[in-house]
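# Remarks on the overall topology
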Amino acid sequence: MLAGMGRVAGLGRMAVFLMGQGHVRLVMLPGLRLGVPSRHSTCRGAAVGQDGRMDRIIHRPLTSVALSAVLAQQGRLLVPRHTGLSENMKTFSDLNSTSTKMSQVEISLQELRMKLERLGSLKLNDINQAVKSLEQCVEELSDADCLQLLQFCCRMTEEEYRPCGSLIHRVWRLTTDRPSGNVNVEHLELYLRLCLSVESTSISKRDIFEQLERHCIEPSAHVFEVLMMALGQRGHLEGALQVLTMMKEHGVAVREATFAALILAYGAENDWEGVEGVLDTMRSVQVSQSEVTFGALAIVCGTQGQVLRVRQVVTQAWQRGVALSSTQLEAVLFALIRNGHAGDSYENIDFVLQLIQESGMKADISHLALRLIHCGRVKEAVHLVLSLPFLRTNNHLYSNAAIYLREIVHTRTAPGVVVDLCHHLQEEGINQFALQVALEHALRERWEELAWVLLKAMKDAGLPLREHYFWPLLHLKAIAQEPAQLLECVQLMLQLGEAPSLVTLRDHIIPGLSLSQPHLALQMLQNTGLSATAAATPLLMVLVKNNMMEQAIKFVKETKVPLNVGDTLSTLAPAWHSNPKSIISLLALLMHHGQEPSSKNTDDWGGQFLLSLVATRAGLAVHHIHPLFQELRKHGIGVSEHSADLLVNQLSQPLQKAVKDNLSLVLQPALDQPPQQSISEQLHQQHHSTLPHPRNMNEGELEGHLEELRAKGLNIRGSLRRLLLLRASRNDTAGVLELMRSASKDGQQLSAGMLSGVLMAYVDNNNTKAALDMYSLLGTKHPSFKVDSYKVVDLCTLLTQSGKATEANEILQEYIMKTDGKNVNTRQILRNCRNLLLASASTSSPQETDKLFSLLLQGGLVEPDTVTLGVLIKSRLNRGDLAGAIEMAKKVQQQYSCLPMRRELLIHLINHHYGNKIDSVASYQLLQDMLDLIANVKGPLVARHDLLFAYLEAGQPAEARTVLRNLARYLDQRQLTRQLQYYVKTENKEAVVHLLTASRGLHNTDRQAVYESLLDIYYVQSEGEKGLSLWTSMQEEGLTPAPSFLTTLAALLAACKIKIPFQI
């Protein structure tokens, strides 16, 4: 009730004011009756209530487009007094000719002037950069400078669609907060104009009045009316009424814009009675309703979502000879959408668009959509964009709707919504590269979450992923010094099926890791899923590039991973000038790496190194030749005749003479030429070939390629096989059958190899039913075809995992009967057979696993080694049959003279003993029986060492301490070192921590080595705080950390951004 009294009082003040201006006395707020005759059947009677008044509507702030249109109808009110930049600004040419040394203020304004002259517009970022500079020199700003800056802002807002209210506020603060500045009416009018066009700008009536009073400004009618419009736009009814009172005090006449502002203010308050009162007041004072009035009414109706009432307002305006402009109608549409009234199927949007079309107007849909995106109405904006007539006729398909995707990403729209919109644009045929465009802008915005979501969407859609898509993501983690997150990015790459190449590892991944311990860095890379072979060579290249020659040489000496000499030459050659002897030593190590000591390297890597060295920027000088050739000879590195000829032909005459004089030191004619391209270069060329190979095509491309081959009468079998495999790998059984039927109609007989490949695709994808059906079809159509043994074993593994062990045994037995174990390489199929046995141990009874092992052994598919026989024990451990596991261990020992899984058995027995509170005597006896078995086979000392490590891994440090004390000086330090290395490799930090606890105070354990092993684990896991706690523990224990320990710890702390509390 109080609110209603306030509204009536406000209208009363307006009435008194108008009476004071000599207008006719007001009748107290009669109801508003629009009575608009409709030309459309859906509009008749839809907008008027029982009492003849329009229903209440909810209003939110008016849009800048509408307000600009409202002001555009007010003659002198809308035309700012200082819009011509030429009157207040010097051109760049004038400044260039008259100024030799400009201040920061002049430079900033000149840059804006130049951009405006050259481009014809200003962007938000242009003004923002200038304001940043000007905020550093506020005291130097003059009144004219501030006026120019406000004018520049006005030019910016003409085309800017991103929110810039905060920037306008900063510009106004620059204008008003100057120590000796003077704000005049020109500044004020420009600021109010900006507030009107940029509705995100905060405006305070009190601030405006204070500026008027402080600077003794006599406000004009223009100032009052624009201020009222700005307040009405924001729903500040009380402020608008106060301005109305001030207008009376200053004798300013009320015009249509004043009433429009009150209509908007009352509409924002959801007070339709107040709106009706304003209209009645206009009639009573004989002020006719103009385009401004009808525009405000239409916006209020649009804000409520009453589209039929919008049509009534437009129709009434038309009947009175008033046509709303396209800008006003855009404002109505903007208010409708922003306030959530687009409709479930966007029918209200289509309704207003049709209304605009019927009015003969053309709306700026593109600009409107961009503004809606920044208001959070992304889906509605896309619906608007789809209505653009020329959107699909643009030949530049990559750029179609790209600006909208850019702004959608910029506004941080939910990733799921972005992906859905990209798919929608693809389905509509607007932009087939929508996901790639969105990804590009996500990377520019450094929005990692969205980038990974888009990459996954591209993978799911069958689009190719390129390595360089991931480079910005890797680079962000590298420069942020976040090695753990960097390695997570590598894992995500692998999960998306994109393995990083040598270039990616060398330039974007490994440089972001700490390399003080190369073997630990290699382990960290392996933990992500990379192979050691793929990571070792680029790791070595980064070590050389970082001038870490000592670590590089040590890494090559200790690692057993193959290293590619050809790939490293591109790094060794440029580094030779800074480390000539170390580089040659490293080259010699690489040439003989992985070879038997008695073997001889016959590849001409020395000649390739010299050719690479000549091609570097530093090149070779005459004084380099003799020492270089002597060093090569010292390490047994030779040069072939072919390389020598190439080398001489590439050098100048003085260098040619020097090479010829010393060539006898290294010339070895028997050397062969190594491959001209490294494997990584060959793969890179294949990956980036202009015409993709069918194996690099997606399903859609393969289908098109197949149709093209069929139309030309060419051989389609290769592409047909590839398409079959691709569909089978996606479990598209229906697609595979359809392709087989179409091939049969075309007279294409599917070969046994094709069906066998499809079989393996189903097996790899765990499609049990389809794989079994394909195997049966293969046996029916090609009974004489011999399926590869590993395919049969893998099929049986899948069947066993699926609970069909009986079918697996039948297939395997039938296969063994056919082949009789001939031509089977047990070494090649060993892993497949072990997987089959492990599947049986997990899903079948121990007796079934024993039978399966016997069947494989009978067929010559396996050999009884330690790992394979261990599965027989594991099958019993999986069932909790500890006694049966020990009996099987005894049986295996008697039959095959080996004792597999002895430590695993001890760990299970220890856990059973300490977890069994009821029958501890029986559990202890089982443990003692196993120890006796180990002692009888391996000896008592080995049994005690096995017990020590079993206690550590079972989490019993107290019992482990007892074993350590009993071992005393008989503790095998080499075995302990190997076990610590195993714990580091498996990152079993719990076992190492238990060893630290158990060995405290005992002198038979190298605690320094234990601490270093635990630190290595923390290093791999990026646990900086825990690593620092080890250093503290060593200090408390009185141990002096070794230099290697401190070096590793310093690298770990630096990677984790922790202050290093010591000096190395």
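In this report, the structure presented in the accompanying data block is examined.

About the thresholds
Starting afresh in each chain, residues are numbered from 1 along the sequence in its written order. Totals for whole chains, interfaces and linings use all residues, but because this is a predicted model, local features are given only for residues with pLDDT of at least 70 and pairs of side-chain atoms are given and counted only at 80 or more. In computing side-chain values, all of the structure's heavy atoms are included and hydrogens and water are not. Each helix corresponds to a stretch of at least 4 residues labelled H or I by DSSP, and each strand to a stretch of at least 2 residues labelled E; elements are numbered beginning at the N terminus. Between the first and last residue of a helix there are one fewer steps than residues, each counted as 1.5 Å, and that sum is the expected span. A 1.4 Å probe rolled over the protein chains alone gives each residue an accessible area, and that area as a share of the maximum for its type sets the label: buried under 20%, exposed over 50%, partly exposed in between. Only centres within 6.5 Å qualify two rings of Phe, Tyr or Trp (six-membered ring in Trp) as a pair; their planes then separate them into stacked at under 30 degrees, edge-to-face at over 60, and tilted for everything else. For this quantity, the arc is that covered by the directions from the helix axis to the C-beta atoms. Only buried residues count toward a nonpolar core, which is a set of Ala, Val, Leu, Ile, Met, Phe, Trp, Tyr and Cys residues joined through side-chain atoms within 4.5 Å. Note on definitions: a residue-residue contact is assigned when non-hydrogen atoms from the two residues lie within 4.5 Å. The rule for a salt bridge is simple: a side-chain nitrogen of Lys or Arg has to be within 4 Å of a carboxyl oxygen of Asp or Glu.

With 13 residues, helix α11 (residues 221–233) should cover 18 Å at 1.5 Å per step; its first-to-last C-alpha distance of 18 Å lies within 8% of that length. Most of α11 sits inside the fold, with 13 of its 13 residues counted as buried. Positive phi shows up at Gly235, right after α11, with a value of about 80°.

We now examine the packing of aromatic side chains. One pass over the structure, following the stated rule, counts five aromatic pairs. Ring centres of Trp172 and Tyr191 lie 4.1 Å apart, and the angle between their planes is 5°; this geometry places the pair in the stacked category. Here Trp172, found in helix α8 (residues 165–176), pairs with Tyr191, found in helix α9 (residues 185–197); they are 19 residues apart in sequence, far enough to count as distant. Residues Trp172 and Tyr191 agree in their burial class; the two are buried. Both rings, one in Phe853 and one in Tyr896, keep their centres 6.5 Å apart while their planes meet at 85°; by these two values the pair is edge-to-face. One end of the pair, Phe853, is in helix α46 (residues 846–858); the other, Tyr896, is in helix α48 (residues 882–896), with 43 residues separating them in the sequence.

This part takes up helix α40 (residues 733–745). Taking 1.5 Å of rise per residue, the 13 residues of α40 would be expected to cover 18 Å, and the 19 Å separating its terminal C-alpha atoms lies within 8% of that figure. Along α40, the residues classified as buried are Gly735, Val736, Leu739, Met740 and Ala743. In a view along the axis of α40, the buried residues occupy a sector of 135°, so they form one face of it. More than 90 degrees from the buried face of α40, the exposed residues found are Ala734, Arg741, Ser744 and Lys745.

With that out of the way, let us pick up the nonpolar core. Residues Leu586, Phe609, Leu628 and Phe629 are the most contacted members of the largest nonpolar core, which totals 344 residues. What Leu628 contacts, discounting residues up to four positions off in sequence, is Trp576, Ile584, Phe609, Leu610, Leu613 and Leu620.

Not every positive phi belongs to a glycine, and Ala401 is a case in point at roughly 60°. Residue placement: Ala401 occurs in the loop between α20 (378–386) and α21 (402–410). With phi around 60°, Arg446 is a residue other than glycine that occupies positive phi space. Classification of Arg446 as exposed rests on a relative accessible area of 56%.

Before going further, it helps to examine the pattern of salt bridges. Applying the stated criterion across every chain, the model contains 30 salt bridges. Salt-bridge contacts for Asp126 lead to Lys115; the nearest nitrogen and oxygen are separated by 3.0 Å. Of the two residues, Asp126 is situated in helix α6 (residues 124–134) and Lys115 in helix α5 (residues 104–119); the sequence distance between them amounts to 11 residues. Classification of Lys115 by relative accessible area gives partly exposed; the value is 34%.

Function cannot be read off these values alone, since they describe shape.
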